[in-house]
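# Examining the three-dimensional arrangement
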Amino acid sequence: MKVTILTIFPEFFASPLEQSLLQKAVGNKTLEVEIVDIRKFSGNKHNTVDDAPFGGGGGMVMKIEPLYDALSSVLYNDESKNRRIVLTSAAGRKYDQPAAIKYSLLDHLIIICGRYKGVDERILKFFDLDEVSIGDYIINGGEAAALVILESVFRLLPG
């Protein structure tokens, strides 16, 4: 199984992927993990990925352009027919064991780490996404949620 995580903080995943059973799963090729830095798709010298919401309102959201380009680059060479894209979002459906089982049966799971007040919702017009929340509380961003999803899914993989 392959898991691709799109994030603006790729270094967040370095230590967890080098520990315990995750390290073993990656080492024995049960699990392939790819980390994609969304900032590399920003198209500007400051690597800016946030902006005011397109439709107005308070707070900042993740800009559509770098997110669209990062996700498109992941999908460009992906020949997997059995894949899902998950967006970590406080507004998403609560993540549970049945979802973990469903995702563990995929060939490719793509997780977008939400950030700020959310992502530009226009992204939903371009990609079929599962919006997922890991609980009724607020965290800084989707990186911790992505690790929860990753751990729950890989524990269900054979081997």
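Described below are features of the structure shown in this document. (Residues numbered from 1 in each chain as written. Predicted model: local features only at pLDDT ≥ 70, side-chain atom pairs only at ≥ 80, totals over all residues. Heavy atoms only, no water.)

Summed over all chains, the structure comprises four aromatic pairs. Note on Tyr68 and Phe126: the rings are 5.2 Å apart at their centroids and 75 degrees apart in plane angle, and the pair reads as edge-to-face. On the criterion of sequence distance, the pair formed by Tyr68 in helix H3 (residues 64-76) and Phe126 in the loop between strand E6 (108-112) and strand E7 (129-133) is long-range, its members being 58 residues apart. Between Tyr68 and Phe127 the ring centres are 5.4 Å apart and the planes differ by 50 degrees, which places this aromatic pair in the tilted class. A residue pair is termed long-range when its members are at least 10 positions apart, and Tyr68 in helix H3 and Phe127 in the loop between E6 and E7 qualify at 59 residues. Look at Phe127 and you get buried, because its relative accessible area is 12%. Its guanidinium or amino end placed over the ring of Phe9, Arg39 lies 5.6 Å from that ring's centre, counting from NZ or CZ. (Phe/Tyr/Trp six-rings, centres within 6.5 Å; stacked < 30°, edge-to-face > 60°. Helix = DSSP H or I, 4+ residues; strand = E, 2+ residues; numbered from the N terminus. Buried < 20%, exposed > 50% of the residue type's maximum accessible area, 1.4 Å probe, protein only. Lys NZ or Arg CZ within 6 Å of the ring centre and 35° of its normal.)

Tracing the sequence through the fold places Arg83 in strand E5 (residues 83-94). Relative accessible area serves as the criterion here: at 29%, Arg83 is assigned to the partly exposed category. With 24 residues separating them in the primary sequence, Arg83 and Asp107 have C-alpha atoms 5.9 Å apart. Apart from residues lying up to four places away in sequence, Arg83 is in contact with Leu75, Asp78, Leu106, His108 and Ile110. Polar contacts involving the side chain of Arg83 include one to the side chain of Asp78, which spans 2.9 Å. A distance of 3.4 Å separates a polar side-chain atom of Arg83 from the backbone oxygen of Ser80. (Contact = heavy atoms within 4.5 Å. Polar contact = N/O pair within 3.5 Å; in protein donor to acceptor, adjacent residues only side chain to side chain.)

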